[in-house]
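# Fold and contact review
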Amino acid sequence: MFNINDIKNGMTFLFEGNIYQVIEFLHVKPGKGAAFLKTKLRNLRTGATVEKTFNTSIKLEKAMIEKHEMQYLYGDGNTYNFMNMETYDQSELTKDQIGEDAKFLKEGLNVYITYYQGEMLGIELPDKIEYVVEKTEPAVKGNTTNNARKDAYMENGLMVRVPLFIEQGEKIIISTKNGEYDSRA
């Protein structure tokens, strides 16, 4: 158990039967009335983001989350296969467990799979991933508009808007936070 005033970003706790991870928090001390804590939380079971307000006098139970590094092997319809690099055990996750992060997966990518008391919660991707541009249109000469972008398709089918100078076969880095082009690799 811990006091709500000791909360930090990234912390995980149990509340109303769910497991939450703190994304943001703000201590509020109004002129009248008791202080409270406004939080933005991610439900680790569903992936949903919720905002909750807590009285500063409550105590919460800390959730001990385990993370195991695993390598993505392949996808088969709605299932995705991962291998533990230490034990060589393989695990299968469904599209529902992975959610929107599935679009970033590519063979050989190392991710962290999170567990709570043996229950598989989902995956944590690296902040940035390197991809090879499989298909994109050549740059049009004379098009010098600031921040002009074009569609580019990565080796795993992911489509990203990239600057005009990016060509087919180039390696680029994409942010998994917003799904946008970051830089050349």
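Below you will find a few notes about this structure. (Residues numbered from 1 in each chain as written. Predicted model: local features only at pLDDT ≥ 70, side-chain atom pairs only at ≥ 80, totals over all residues. Heavy atoms only, no water.)

## Concerning the sheet that holds strand β1 (residues 2-3)
Strands belonging to one sheet form pairs held by backbone hydrogen bonds; the direction of such a pair is parallel or antiparallel. Spatially, the 6 strands line up as an open sheet ordered β1-β6-β2-β3-β4-β5, and their pairing is antiparallel. At either margin of the open sheet sits one strand with a lone partner, and together these are β1 and β5 (49-55). (Pairing = 2+ DSSP bridges. Helix = DSSP H or I, 4+ residues; strand = E, 2+ residues; numbered from the N terminus.)

## Section: the sheet that holds strand β10 (residues 110-116)
Taking strand neighbours across the sheet as the criterion, the 5 strands line up as β9-β8-β7-β10-β11 in an open arrangement whose pairing is antiparallel. Strands at the two margins of the open sheet, each flanked by one partner only, are β9 (90-94) and β11 (119-124). Put simply, the sheet's adjacent strands are angled 40 degrees from each other on average, direction ignored. In this structure, strand β8 (residues 79-84) lies alongside β9, joined through 5 bridges in antiparallel fashion. Along β9, the bridge assignment pairs Met83 with Gln90. (Axes fitted to C-alpha atoms, helices over the stretch in contact; angles between N-to-C directions.)

## Quick notes on the side chain of Lys150
By the secondary structure assignment, Lys150 is in strand β13 (residues 149-154). As a buried residue without a salt bridge, Lys150 has its nearest oppositely charged side chain in Glu167, at a separation of 7.0 Å. From its side chain, Lys150 meets the backbone oxygen of Leu164 in a polar contact 3.1 Å long. Beyond its immediate chain neighbours, meaning those up to four positions away, Lys150 contacts Thr136, Glu137, Pro138, Ala139, Val160, Arg161, Val162, Pro163, Leu164 and Ile166. (Buried < 20%, exposed > 50% of the residue type's maximum accessible area, 1.4 Å probe, protein only. Lys, Arg positive; Asp, Glu negative; His and termini not counted. Salt bridge = Lys/Arg side-chain N within 4 Å of Asp/Glu carboxyl O. Polar contact = N/O pair within 3.5 Å; in protein donor to acceptor, adjacent residues only side chain to side chain. Contact = heavy atoms within 4.5 Å.)

## A short note on the side chain of Lys106
Its location among the elements puts Lys106 in the loop between α1 (95-98) and β10. Look at Lys106 and you get buried, because its relative accessible area is 18%. Only 2.3 Å separates the side chain of Lys106 from the backbone oxygen of Glu130, close enough to count as a polar contact. Discounting residues that sit within four places of it in the chain, Lys106 has contacts with Tyr72, Ile129, Glu130, Tyr131, Glu155 and Asn156.

## Things to note about the packing of aromatic side chains
Applying the stated criterion across every chain, the model contains 6 aromatic pairs. Geometrically, the ring pair formed by Phe2 and Phe13 is edge-to-face, given 6.3 Å between the ring centres and 75 degrees between the ring planes. Taken together, the positions of Phe2 in strand β1 and Phe13 in strand β2 (residues 12-15) put the pair 11 residues apart, joining distant regions of the chain. Accessibility expressed as a relative area gives 9% for Phe2, which makes it buried. Clustering of aromatic rings is evident, with ring pairs tying together Phe2, Phe13, Phe15, Tyr20 and Phe54. Sitting above the plane of the Tyr131 ring, Lys106 keeps its charged end 5.2 Å from the centroid. (Phe/Tyr/Trp six-rings, centres within 6.5 Å; stacked < 30°, edge-to-face > 60°. Lys NZ or Arg CZ within 6 Å of the ring centre and 35° of its normal.)

## A closer look at the environment of Ser91
For Ser91, the location among the structural elements is in strand β9. Here Ser91 falls in the buried class, since its relative accessible area comes to 16%. A C-alpha to C-alpha distance of 32 Å links Ser91 and Gly169, two positions 78 residues apart in sequence. Residues within four places of Ser91 in sequence aside, it is in contact with Met70, Tyr80, Asn81, Phe82, Tyr115 and Met120.

## A look at the pattern of salt bridges
Within this structure, the stated rule accounts for 9 salt bridges. Here Lys52 makes a salt bridge to Glu16, at a shortest N to O gap of 4.0 Å. Of the two residues, Lys52 sits in strand β5 while Glu16 sits in the loop between β2 and β3 (18-28), which places them 36 residues apart along the sequence. For Glu16, a relative accessible area of 61% corresponds to the exposed category.

## Re the pairing of strand β12 (residues 128-136)
Here β12 runs beside strand β15 (residues 171-175); their pairing, made up of 5 bridges, is antiparallel. Within β15, the position partnered with Lys128 by the bridge is Ser175. Taken together, the 3 bridges between β12 and β13 define a ladder with antiparallel strand orientation. Note that in β13 the partner of Thr136 across the bridge is Ala152.

Read these as geometric descriptors, not functional statements.
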